[in-house]
Amino acid sequence: MEVVASAPGKVLIAGGYLVLERPNAGLVLSTTARFYAVVRPLRDSLPADSWTWAWTDVKVTSPQLSRVATYKLSLNKTTLQLTSSRESTNPFVEQAIQFSVAAAKATIIDKERKDVVDKLLLQGLNITIIGHNDFYSYRKQIEARGLPLTPEVLLSLPPFSSITFNSEVANGTMTGEKCKPEVAKTGLGSSAAMTTSVVAALLHYLGAVNLSCSGQSSGDNASGRELDLVHAIAQSAHCLAQGKIGSGFDVSAAVYGSQRYVRFSPEILSSAQAIGGTVLPDVVSDVLTQRWDHENKQFSLPPLMTLLLGEPGTGGSSTPSMVGSVKRWLKSDPEKSRDTWSKLAIANSTLENQLRILKGLSENHHEAYESMWAEVATNQHQELIIRSLLAARDACLEIRLHMREMGIAAGVPIEPDSQTRLLDATMNMEGVLLAGVPGAGGFDAVFSVVLGDASNAVAHAWSSVGVLPLPVREDCRGVSLEDADPRTREVSAAVWSIQIN
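A quick note: this is a predicted structure, and the numbers were derived from the prediction, not measured. Residue numbers here run from 1 along each chain, matching the order of that chain's written sequence. For a predicted model such as this one, the threshold for reporting local features is a pLDDT of at least 70, and the threshold for listing and counting side-chain atom pairs is 80 or more; totals across whole chains, interfaces and linings nevertheless cover every residue. Calculation of side-chain values draws on the structure's entire complement of heavy atoms; hydrogens and water are dropped beforehand.

With that settled, the discussion passes to the packing of aromatic side chains. Classification of ring pairs uses Phe, Tyr and Trp, with its six-membered ring standing for Trp, and accepts pairs whose centres are within 6.5 Å; under 30 degrees between planes counts as stacked, over 60 as edge-to-face, and the remaining range as tilted. Within the structure shown, the criterion is met by four aromatic pairs. For the ring pair F35 and F135, a centre distance of 4.8 Å and an interplane angle of 50° mean the geometry is tilted. Here F35 is found in strand 2 (residues 25-41), whereas its partner F135 is found in the loop between strand 6 (125-131) and helix 3 (139-144), with 100 residues between them in sequence. Here's how the labels work: a residue is buried when its accessible area is under 20% of the maximum for its type, exposed when over 50%, partly exposed in between, all with a 1.4 Å probe on protein chains only. Under the relative-accessibility criterion, F135 is labelled buried at 1%. Plain terms: the ring middles of Y36 and F160 are 6.0 Å apart, the flat faces sit at 85° to each other, and that makes the pair edge-to-face. Of this pair, Y36 sits in strand 2 while F160 sits in the loop between helix 4 (151-155) and strand 7 (165-166); the two residues are 124 residues apart in sequence, bridging distant segments of the chain. For F160, a relative accessible area of 12% puts it in the buried group. By the ring-pair criterion, three or more aromatic residues cluster together here, those being F35, F135 and Y136. Counted as over-ring charges are cases with an Arg CZ or a Lys NZ within 6 Å of the ring centre that also lie within 35 degrees of the ring normal. The cationic tip of R263 hangs over the ring face of F264; the distance from NZ or CZ to the ring centre is 5.1 Å. Its guanidinium or amino end placed over the ring of W341, R338 lies 5.2 Å from that ring's centre, counting from NZ or CZ. Helix and strand labels come from DSSP, where a helix needs a run of H or I of at least four residues and a strand needs a run of E of at least two; each type is numbered from the N terminus.

See the structure below:
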């Protein structure tokens, strides 16, 4: 038996910082970049005395990092005990395993199904985790080889390529002092996607949920209750691993796909944060009985609009420190800060509404909508489309203005000058509707939403000024059950290509 589940990365196109507080909303798009978790048994058969075991074995393999971690899993407390090097571990994966096993034990009450769970656990868990190349930055390797900064170069890399580390001395450390190596990432929410894929695969493997098959949209076959279970466990594991209760939009996008998101009340996870000596199954039972009050209203870009992402390579940004600075500004200048947040909330809502209007027009007046990209407006429906496009563009400019104001007031580079110049130039290009800094902003990334076939022109323009266009697009699917290990599909595709050539 083998189970493969995947979960997408995300791009927050509106709602940065505001999404940290209820009832503010964020517009988050799920992407084509996905993490995969493969779960299979470590042992095909069990010895006669296995029913007496108090522990079972867990093996976690991360082939892209050339790492293997081994554990003993307590069958009573569902906690892990490391039996390999600490350097090979990942706290997000560890918490995902512990919470998922505890959730299966807490939610499965039928005696026959419980026996199945016990047998599957006694056989051991063999977990493999891989992520699309789009989650990681290969910019330095491309530049070192003198190759052009184009999406075609990125697409020429082998799927699920090995990941290199930033091993340079960190700023502020003593000369010659070694800093902890870090993986260079592109800001697509890798930890949330990875955590969600592991939780989904384990819950399905153990029979706690039944997810959709063959890469279908998560909402097509998996019930809302099952997705809600995946969401609650993934949020719990992710928050505990990162040591704080964040907004959770990245995990929500990984589970449900593209959406309008309003965060859950942080008190819901108070028991998970104060785990102490509490038995984990009891903590999970408490989390699952809470009334989760998050909102995830379905949302996606209208047809003939394409999401583009770029990696400027002009320096890194620390999201936690930027968020901390903004929170301090909110407390120090409540009147001014709340006025800025109010204006941002209005602009965010306007952008959402105009994009929803455009999607409605594309469905109800399909011919008028499609012909818009090829001719001048000649009827009332096309005029409505133009008005909504212009209103969405104005809302984007308004959002950028207030995000810059907030950054200046808080003393953090939410939209640095270098990004402003790039985004202004992008917005002035033909076919560009939106452009901005995703999420908390900074130097790490830019996004654009373009109309029709303008993608190539924008990608070329970005490449010409040293911005690496990423081959990432919106994919509104959330978590999905896959029919096979994606590496097997890649090999099969390669063999088929050789045969037909």
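What follows concerns the sheet that holds strand 14 (residues 468-470). If you walk across this open sheet you meet the four strands as 12-13-11-14, and the pairing is antiparallel. Of all the strands in the sheet, the pair left with one neighbour each is strand 12 (432-436) and strand 14. For this sheet the average axis-to-axis angle between neighbouring strands, irrespective of direction, equals 25°. One bridge is not enough; two strands pair if DSSP finds at least two bridges between them. Two elements, strand 11 (residues 305-311) and strand 13 (residues 446-451), share six bridges in a ladder whose sense is antiparallel. Lines fitted to C-alpha atoms define the axes, with helix axes restricted to the stretch in contact, and inter-axis angles between N-to-C directions lie between 0 and 180 degrees.

This part covers the pairing of strand 11. Counting buried residues in strand 11 gives seven out of seven residues, a clear majority hidden from the surface. Residues of strand 11 alternate between two faces, with M305, L307, L309 and E311 on one and T306, L308 and G310 on the opposite face, all of them buried. Pairing analysis gives three bridges linking strand 11 to strand 14, with the strands arranged antiparallel. Counterpart to E311 in the pairing with strand 14 is L468.

Empty space left among the atoms is revealed by rolling a probe the size of a water molecule over them. A cavity here means a set of 1 Å grid points, computed over protein atoms only, where a 1.4 Å probe fits but cannot escape. A pocket is an open set with protein on both sides within 12 Å along at least 5 of 7 lines, and lining residues have an atom within 4 Å of a point. Grid points are joined across faces, edges and corners, and a volume is the space filled by probe spheres set on the points. Using the criterion set out here, one finds one cavity of 30 Å³ or more in the structure. Within this model, the largest cavity holds a volume of roughly 180 Å³. Around the largest cavity sit 20 residues that line it, and I13, A14, I399, M403 and V437 are the ones nearest its centre. Going through the elements one at a time, strand 1 (3-14), helix 12 (334-364), helix 14 (380-410) and strand 12 are the ones with two or more residues in the lining of the largest cavity. The element contributing the most residues to the lining of the largest cavity is helix 14, with four residues. Gly counts as polar in this scheme, as do all residues outside two lists: the nonpolar Ala, Val, Leu, Ile, Met, Phe, Trp, Tyr, Cys and Pro, and the charged Asp, Glu, Lys and Arg. Across the lining of the largest cavity, the residue classes tally to 13 nonpolar, five polar and two charged. Here the limits of each domain have been adopted from an automatic or database domain assignment. Looking at the lining of the largest cavity, you find at least three residues from each of domain 1 (3-136 + 186-300 + 477-495) and domain 2 (305-470).

What follows deals with the side chain of S265. Tracing the backbone through its elements, the reader meets S265 in the loop between strand 9 (259-262) and helix 9 (270-273). Since its relative accessible area comes to 15%, S265 is described here as buried. Here a polar contact is taken to be a pair of N or O atoms separated by no more than 3.5 Å, where protein atoms must pair a possible hydrogen donor with a possible acceptor and residues adjacent in sequence count only if both atoms sit in side chains. Reaching out from S265, the side chain makes a polar contact with the side chain of D293 at a distance of 2.5 Å.

Next up on the list: unusual backbone geometry. Along the chain, R22 connects to P23 via a cis peptide bond; the corresponding omega equals 0°. Take P23: it is sitting in the loop between strand 1 and strand 2. Backbone geometry at S66 places phi at a positive 55°, although glycine is not the residue there. Mapping S66 onto the fold places it in the loop between strand 3 (55-62) and strand 4 (67-74). You can call S66 exposed: its relative accessible area is 66%. Positive phi values are uncommon outside glycine, yet F160 reaches one of about 55°.

A word on the packing of helix 1 (residues 91-107) against helix 5 (residues 190-205). As a packed pair, helix 1 and helix 5 sit with axes 9 Å apart at the nearest point and diverge in direction by 30°. Classified by the angle between their axes, helix 1 and helix 5 sit roughly parallel to one another. Along this stretch, helix 1 crosses helix 5, giving a crossing that reads as right-handed. On the side of helix 1, the interface is formed by F92, V93, A96, I97, S100, A103 and A104, while helix 5 contributes S191, M194, T195, V198, V199, L202 and L203. Taken together, the residues of the contact of helix 1 with helix 5 sort by class into 11 nonpolar, three polar and no charged. Should an angle fall under 35 degrees it is taken as roughly parallel, and over 145 as roughly antiparallel, whereas 65 to 115 is taken as roughly perpendicular and any remaining angle as oblique. For any helix crossing, the convention is left-handed if the near helix is rotated counterclockwise from the far helix by under a right angle, and right-handed if that rotation is clockwise. In this analysis, two residues are considered to be in contact whenever any of their non-hydrogen atoms come within 4.5 Å of each other.

Glancing now at the pattern of salt bridges. Take a side-chain nitrogen of Lys or Arg and a carboxyl oxygen of Asp or Glu: if they are within 4 Å of each other, that pair is a salt bridge. One pass over the structure, following the stated rule, counts 18 salt bridges. Here R22 and D293 are joined by a salt bridge, their closest N and O atoms 3.8 Å apart. With R22 in the loop between strand 1 and strand 2 and D293 in the loop between helix 10 (280-289) and strand 10 (295-298), the pair connects residues that are 271 residues apart, well separated along the chain. In this structure R22 comes out as partly exposed when scored by relative accessible area, which is 35%.

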